[in-house]
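These are the residues of each chain, in order.
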Amino acid sequence: MHRFFVPQLFGDEMTITGVDAKHISKVLRMTIGDELQIVSDDGISALGKISFIDAECVKVRDFEIIAESHEPRVKITLAQGLAKGEKMEFIIQKAVELGATSVVPVAMEHSVVRLDGPKADKKVERWQKIAESAAKQSKRDIIPEVQSVMSVKEMLAANDCATKIIAYECEDQTSLKSALKNAIEQDKINDLLLIIGPEGGISESELELARSAGAVPVSLGRRILRAETAGLVAMSAIFYETGDLGEY
């Protein structure tokens with residue numbers, strides 16, 4: 001079943017315009033009476049029937065509310081050190097599929113990529129489109145936000161989550177599992193900031209900044225993971241530990 005995000009509050013009739021309307025009419029070749037799923041701005045998911053369609057506008061009515069939520073109970077903000085090439089696109093796409101609530105591209109000391117000004121804005125705009133596409137494909141109830149490119153200090157100030165975790169390759173005392181257990185015991189697992197470094201890793205000064213903001217350095221195991229792998233592995237482990245993978 002095709003799923004579309006509609007930037008309106010839920011009502012008796014919802015209107016899909018722009019690229020999505022063209023896709024429904026010209027690519028999917030749907031017609032009046034065909035069913036599709038919509039997600040409104042206020043987070044309501046519903047199954048409805050097309051009542052009007054052309055290349056510019058699709059109107060949907062006769063809704064049946066979908067009660068089942070596709071969102072994880074833990075809201076994860078992934079703060080990802082800028083990675084080169086198409087790696088950031090891959091990370092954002094897969095993080096959204098897994099269940100990230102938000103992704104923050106972070107300009108770190110060891111980042112090979114340097115983005116600022118209009119170039120950064122253009123990249124974020126593209127990354128947001130990738131997030132939206134991934135949200136549709138994975139039947140999310142929200143379109144996760146790709147935030148502006150920030151420094152570590154800016155990212156920590158803008159994302160004051162109850163639990164903050166930073167994956168650090170030299171950490172040999174605290175595992176991700178033990179940090180999560182502690183957060184669960186303290187009932188601080190509802191929103192979580194996960195900080196992952198770029199290809200060159202996290203610098204000591206960045207680690208100290210994160211520590212001072214309350215972030216717990218953790219190990220992701222005995223093997224060194226690539227920048228495009230570490231965050232996805234950590235997210236999967238978090239959702240497993242909190243019961244959002246394989247629970248029915």
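The preceding data block contains the structure.
Residues numbered from 1 in each chain as written. Predicted model: local features only at pLDDT ≥ 70, side-chain atom pairs only at ≥ 80, totals over all residues. Heavy atoms only, no water.

1. So, the overall build of the protein
Summing up its helical and strand segments, the protein has seven helices and 12 strands in all. A compact globule built from 248 residues should have a C-alpha radius of gyration of about 18 Å, and the protein, at 20 Å, falls within 12% of that. Principal-axis analysis of the C-alpha atoms places the extent of the protein at approximately 60 × 40 × 30 Å. Sequence-distant contacts in the protein: of pairs separated by 6 or more residues, those separated by 24 or more amount to 75%. As presented, the protein carries roughly 13100 Å² of accessible surface, and 49% of it is formed by carbon and sulfur atoms. Once the 30 positive and 39 negative side-chain charges of the protein are each reduced to a mean point, those two points are 5 Å apart. (Helix = DSSP H or I, 4+ residues; strand = E, 2+ residues; numbered from the N terminus. Rg over C-alpha atoms; globule rule 2.2 N^0.38 Å. Contact = heavy atoms within 4.5 Å. Areas by Shrake-Rupley, 256 points an atom, 1.4 Å probe, with all protein chains shown as cover. Lys, Arg positive; Asp, Glu negative; His and termini not counted. Charge placed at Lys NZ, Arg CZ, Asp CG, Glu CD.)

2. Concerning the sheet that holds strand β5 (residues 57–65)
With mixed pairing, the five strands of this open sheet are ordered in space as β1-β3-β4-β5-β2. Pairing within the sheet leaves two strands with one partner each, and these edge strands are β1 (3–6) and β2 (14–17). Across this sheet, the average inter-strand angle for adjacent strands is 45 degrees, counted without regard to direction. One ladder, built from five bridges, connects strand β3 (residues 35–40) with strand β4 (residues 45–53); its direction is antiparallel. Looking at the pairing, E35 lines up with K49 of β4. Along the sheet, helix α1 (residues 18–27) contacts β1, β2, β3, β4 and β5; its crossing angle with β2, the most-contacted strand, is approximately 90 degrees. (Pairing = 2+ DSSP bridges. Axes fitted to C-alpha atoms, helices over the stretch in contact; angles between N-to-C directions.)

3. As for the side chain of K136
Take K136: it is sitting in helix α3 (residues 117–137). Residue class for K136 comes out buried when judged on its relative accessible area of 19%. Discounting chain neighbours no more than four positions away, the residues touching K136 are R3, F4, F5 and D20. (Buried < 20%, exposed > 50% of the residue type's maximum accessible area, 1.4 Å probe, protein only.)

4. Remarks on the pairing of β1
Of the two faces of β1, the one lined by R3 and F5 and the one lined by F4 and V6 are each fully buried. Of the pairings in the sheet, the one linking β1 to β3 comprises four bridges and is parallel in character. When the bridges of β3 are listed, F5 appears paired with V39.

5. A few points about the pattern of salt bridges
Inspection of every chain in the model, using the stated rule, returns 14 salt bridges. In this structure, D20 and K136 form a salt bridge, with 2.7 Å as the shortest nitrogen-oxygen distance. Pair noted here: D20 is in helix α1 and K136 is in helix α3, with a separation of 116 residues, a long-range link. Notably, a salt bridge pairs D244 with R73, separated by 3.9 Å at the nearest N-O pair. (Salt bridge = Lys/Arg side-chain N within 4 Å of Asp/Glu carboxyl O.)

6. Let's talk about the pairing of β3
Taken across its six residues, β3 has five buried, putting it largely inside the fold. The loop that links β3 with its antiparallel partner β4 comprises four residues; one of these, G43, has a positive phi angle of about 80 degrees.

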